[in-house]
Amino acid sequence: MDNKVTGWDYFSLGMLAFAGLGLEALYAYVLEPMIYGGAMQDWSTSQTIIHWIITCISWGTVSYWLIFASKKKYQFNLFETSDKMTKWQWASVIFCVVIALVASYIDWKGSKVIREFQSKGLLLFVFQYIYYAFETVLFMLIIIFTQKAFEVWYKRKNIPYGGIICGITWGFAHAFTKGSIWIGLEGIVLGFLLGVTYLLVNRDIKKTYIVLFIMFAL
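Residues numbered from 1 in each chain as written. Predicted model: local features only at pLDDT ≥ 70, side-chain atom pairs only at ≥ 80, totals over all residues. Heavy atoms only, no water.

Engineer: Would you mind showing me how to read the overall build of the chain here?
Structural biologist: Per the secondary structure count, the chain includes 7 helices and 0 strands. Walking the chain from its N terminus toward its C terminus, one meets helices and strands in the order α-α-α-α-α-α-α. With the C-alpha coordinates of the chain rotated into their principal frame, the extents come out at 50 × 35 × 30 Å. Counting every position in the chain, which comprises 218 residues, the buried fraction comes to 44%. In the chain, once contacts between residues fewer than 6 apart in sequence are set aside, the share between residues at least 24 apart is 74%. Only carbon and sulfur atoms are counted for the fraction: they give 70% of the accessible area of the chain, which is about 12,000 Å². (Helix = DSSP H or I, 4+ residues; strand = E, 2+ residues; numbered from the N terminus. Buried < 20%, exposed > 50% of the residue type's maximum accessible area, 1.4 Å probe, protein only. Contact = heavy atoms within 4.5 Å. Areas by Shrake-Rupley, 256 points an atom, 1.4 Å probe, with all protein chains shown as cover.)

Now the structure itself:
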């Protein structure tokens, strides 16, 4: 079965993960404004929470299907155990995390977590971070599947292809939705760092998720 699987098969899964993220744009900019009669920034607390709940359910469904399909159809089990990490790998991961957190601190002019809590209050803050948890899964899947695709194509496993693709897709998406080229560039750099981190933790999906969430959400 393995020799019938092509790089395009894995790349398609990665793009489906990206499309899954794009479902939120459909909800936020097309469907919900028609229902609520206003743009996202004018929504009430309950409307914002409903948006996040619907988005998380959609993202969770897409993520489950992609993980299931990769194992069932392509025998690519994302939860396979990885090799033990060396000290230099741990040090490199910590370095990547520090870079991401410092960049976040500069961008938010303080701690992102504190700023989010101050601006949203407890209820919205809790749902915001549940939303981040689901978002992390999908951009992690973009990295994993596109990394696998390029490795099938080019037979090299030490280049963060997944991070490059995640950075490009995520960066352009954020530049479009946020209306800022600078935010798009930040997304490109962060996506690349996330892809590097995936390789540094030896493709361990559990470690990858935890570290990526810290780098993205904190």
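Engineer: Would you explain the packing of aromatic side chains in this entry?
Structural biologist: The geometry of an aromatic ring pair is captured by two quantities: the separation of the ring centres and the angle between the planes. All told, the structure shown has 22 aromatic pairs when counted by the stated rule. Where Phe-150 meets Trp-153, the ring centres are 5.0 Å apart and the plane angle is 85°; that geometry is what we call edge-to-face. Within this pair, Phe-150 and its partner Trp-153 are both found in helix H4 (residues 112-154), separated by 3 residues, close to a single helical turn. Residue classification places Phe-150 among the buried residues on the basis of a relative accessible area of 17%. Exposure remark for Trp-153: the relative accessible area of 28% places this residue in the partly exposed category. With a centroid separation of 6.0 Å and an interplanar angle of 20°, the aromatic rings of Phe-150 and Tyr-154 are classed as stacked. Within this pair, Phe-150 and its partner Tyr-154 are both found in helix H4, separated by 4 residues, close to a single helical turn. Through successive ring pairs, a cluster of aromatic residues spans Trp-52, Trp-59, Phe-117, Phe-125, Tyr-129, Tyr-131, Tyr-132, Phe-139 and Phe-216. When the ring centre of Tyr-132 is taken as origin, the NZ or CZ atom of Lys-112, which lies over that ring, is 4.5 Å away. Taking the ring centre of Phe-216 as reference, the NZ or CZ of Lys-112 above it sits at 4.9 Å. (Phe/Tyr/Trp six-rings, centres within 6.5 Å; stacked < 30°, edge-to-face > 60°. Lys NZ or Arg CZ within 6 Å of the ring centre and 35° of its normal.)

Engineer: Sorry if this is basic, but what is going on with the nonpolar core here?
Structural biologist: Side chains that are nonpolar tend, in soluble globular proteins, to be buried together. Core analysis: the largest hydrophobic core is formed by 53 residues, its most contacted members being Leu-66, Leu-138, Phe-139, Leu-141, Leu-194 and Met-215. Breaking this core down by element, the ones donating at least two residues are helix H1 (7-36), helix H2 (45-74), helix H3 (87-108), H4, helix H5 (161-178), helix H6 (181-200) and helix H7 (205-217). Looking at which element gives the most residues to this core, the answer is H4, with 16 residues. Setting aside residues no more than four positions away along its own chain, Phe-139 makes contact with Leu-21, Cys-166, Trp-170, Leu-194, Leu-212 and Phe-216. (Core = buried A, V, L, I, M, F, W, Y, C linked by side-chain atoms within 4.5 Å.)

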